[in-house]
Structures are given as structure tokens and as C-alpha cells.
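Here is what each chain is made of, one letter per residue.
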Amino acid sequence: MTKPKQNAINYRKRGLFYSNIGRYDEAESDYTESINAEPTANNYNERGLFYFNIDEYELAREDFKMAAELSPEAVYLYNVGYMDYLDFDYASAIDYFNQSLAVDNDYTSARTYRGLAYYRSGEYALCIADYTVLLAQDPTDDTASNNRGLCHDSLGQYDLAIADFTRAIENRGVQVVELHNRGATLRRAERYEDSLAD
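Summary of the structure given here. Residue indices begin from 1 for each chain and proceed along its sequence in written order. Whole-chain, interface and lining totals are the exception, using all residues; otherwise, since this is a predicted model, local features are given only for residues with pLDDT of at least 70 and side-chain atom pairs are given and counted only at 80 or more. By convention in this description, side-chain values take in all heavy atoms of the structure and omit both hydrogens and water.

What about the overall build of the protein chain?
- Helix and strand assignments come from DSSP, with helices taken as H or I runs of at least 4 residues and strands as E runs of at least 2, each series counted from the N terminus. Counting secondary structure elements, the protein chain contains 12 helices and 0 strands.
- Secondary structure elements of the protein chain, listed N to C terminal, follow the sequence α-α-α-α-α-α-α-α-α-α-α-α.
- Projecting the C-alpha coordinates of the protein chain onto the three principal axes gives extents of approximately 75 × 35 × 25 Å.
- Each residue is placed in one exposure class: buried if its accessible area under a 1.4 Å probe, protein chains only, is under 20% of its type's maximum, exposed if it is over 50%, and partly exposed if it falls in between. In the protein chain, buried positions account for 43% of the 198 residues.
- What makes two residues a contact is simply this: any of their non-hydrogen atoms within 4.5 Å. For the protein chain, long-range pairs separated by at least 24 residues make up 39% of all intrachain contacts whose partners lie at least 6 apart in sequence.
- Charge assignment in this entry is limited to Lys and Arg as positive and Asp and Glu as negative, and neither His nor the chain termini are counted. Lysine's charge is taken at NZ, arginine's at CZ, aspartate's at CG and glutamate's at CD. Each charge sign in the protein chain was given a centre, from 19 positive and 34 negative side chains, and these centres are 4 Å apart.

Dropping the structure here:
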């Protein structure tokens, strides 16, 4: 007789196989059976990832939320926050990212998306604080440099923004996004000749 945990693992593995070959109804059924066999946070999270990958975002959010309720681990809390971020519910996203970071203060994805949620909410100083922490951890993080630059630009701190965009370009190499952002900031700073170069 197979134990419930082994049944859950077998269903989950087969669900992944079916998902990979595009047999989504069978995949969903097996992921659900894995939850029926063993209703753990991990099994809910795995089905949530399946739903996310087939663009069933509301179902994904429900499963991520159940996983976070069963086991408030950083990744499960982050997943709920990420779904709220995609749904433009920045206040709820920030709340879940805060919870995720309370569990694991070094969880980079939670800090990155919390910074973005702060940016989208117009809370630029908080956004800058998050990206400053990320850059202290990894000074070559070009995404953090670019995003912090956007916040500095929004606050009219053009020299700081230009420095961040330049750092991002130096770290990643010449990229259209960073060049555009730096050029736009140079124009706002009335450095027209420099902006033409970007």
C-alpha cells in the first residue's frame, strides 16, 4: 500500500510531466490529487506554479495564498505578493513582500518587487532604500541601479539618477533601456548635448 506522501509526490511528478507536454487537464487533475493525498504548502505552491504557467492567475493566487497560510515561508508569501503586484494591487503586494522579508531579510526577489511596488505607488524614498540595500549586497546589480535611478529621477535628483543609469550601463553593457533612461534624465537636467549622445 502506497503512503499518502508518496502518492502526492507521484501525482505531482506526473502532473509536471503532463504540463510539460501540454496535457493541461490531466496535469491539473494530478496536481489536485497530490493535494488530496497530502494537503501541504508545497503541493499547493506547485499547483499554483502550474496555474501561473498557464495564465490562470486567480487560481494561482488562491493556491499561493493557501500555501502561505499553511506555512508562512518567504517564497510562499512572495508568490502571493507577486500575484498582487501583477494585479496592480500594490498595497497588498507590499504587505506580502514585507511578510516575506520578515521571514528572510535577504530574499532578493521580495525586496526587488517591493521596490517596484513602492515605485508604482509613488513612494520613491522607500523604493530607493530597497534598491540601496540590494546594491550593498551586489554592487553589480544593474536592475537595482536602473530602478533606483528611476526613483531618483522622479524626485528630481538628476545627478544621482544619471550616476545610477551609468552604473547600470557599465555593469550590463550598453542597453537601450538604460540609455533611454539616462538620456531622458539628462534632458530634464537640461544637459542637452549629453542627452543627444545617449
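Overview of the nonpolar core
- With 21 residues, the main nonpolar core has Y78, Y85, F97, Y107, A110 and Y131 as its most contacted residues.
- Breaking this core down by element, the ones donating at least two residues are helix 5 (74–86), helix 6 (90–103), helix 7 (108–120), helix 8 (124–137) and helix 9 (142–154).
- Among the buried residues, those of types Ala, Val, Leu, Ile, Met, Phe, Trp, Tyr and Cys that are joined through side-chain atoms within 4.5 Å form a nonpolar core. Residues Y18, Y31, A60 and A68 belong to the second largest nonpolar core, which totals 17 residues.

Considering the packing of aromatic side chains
- Within 6.5 Å between ring centres, the rings of Phe, Tyr and Trp (the latter by its six-membered ring) count as paired, and their orientation is classed by plane angle as stacked under 30 degrees, edge-to-face over 60, tilted in between. All chains considered together, the criterion is met by 15 aromatic pairs.
- An aromatic cluster is built from F52, Y57, Y78, Y82, Y85, F88, Y90, F97, Y107 and Y113, whose rings are joined through pairwise contacts.

Section: unusual backbone geometry
- Backbone geometry places D55, a non-glycine residue, at a positive phi of 65°.
- As for its placement among the helices and strands, D55 is situated in the loop between helix 3 (41–53) and helix 4 (57–70).
- Accessibility expressed as a relative area gives 52% for D55, which makes it exposed.
- Of note in this structure, F88 is not a glycine but carries a positive phi near 65°.
- Secondary-structure assignment places F88 in the loop between helix 5 and helix 6.
- In this structure F88 comes out as exposed when scored by relative accessible area, which is 63%.

What is shown is where atoms sit, not what they do.
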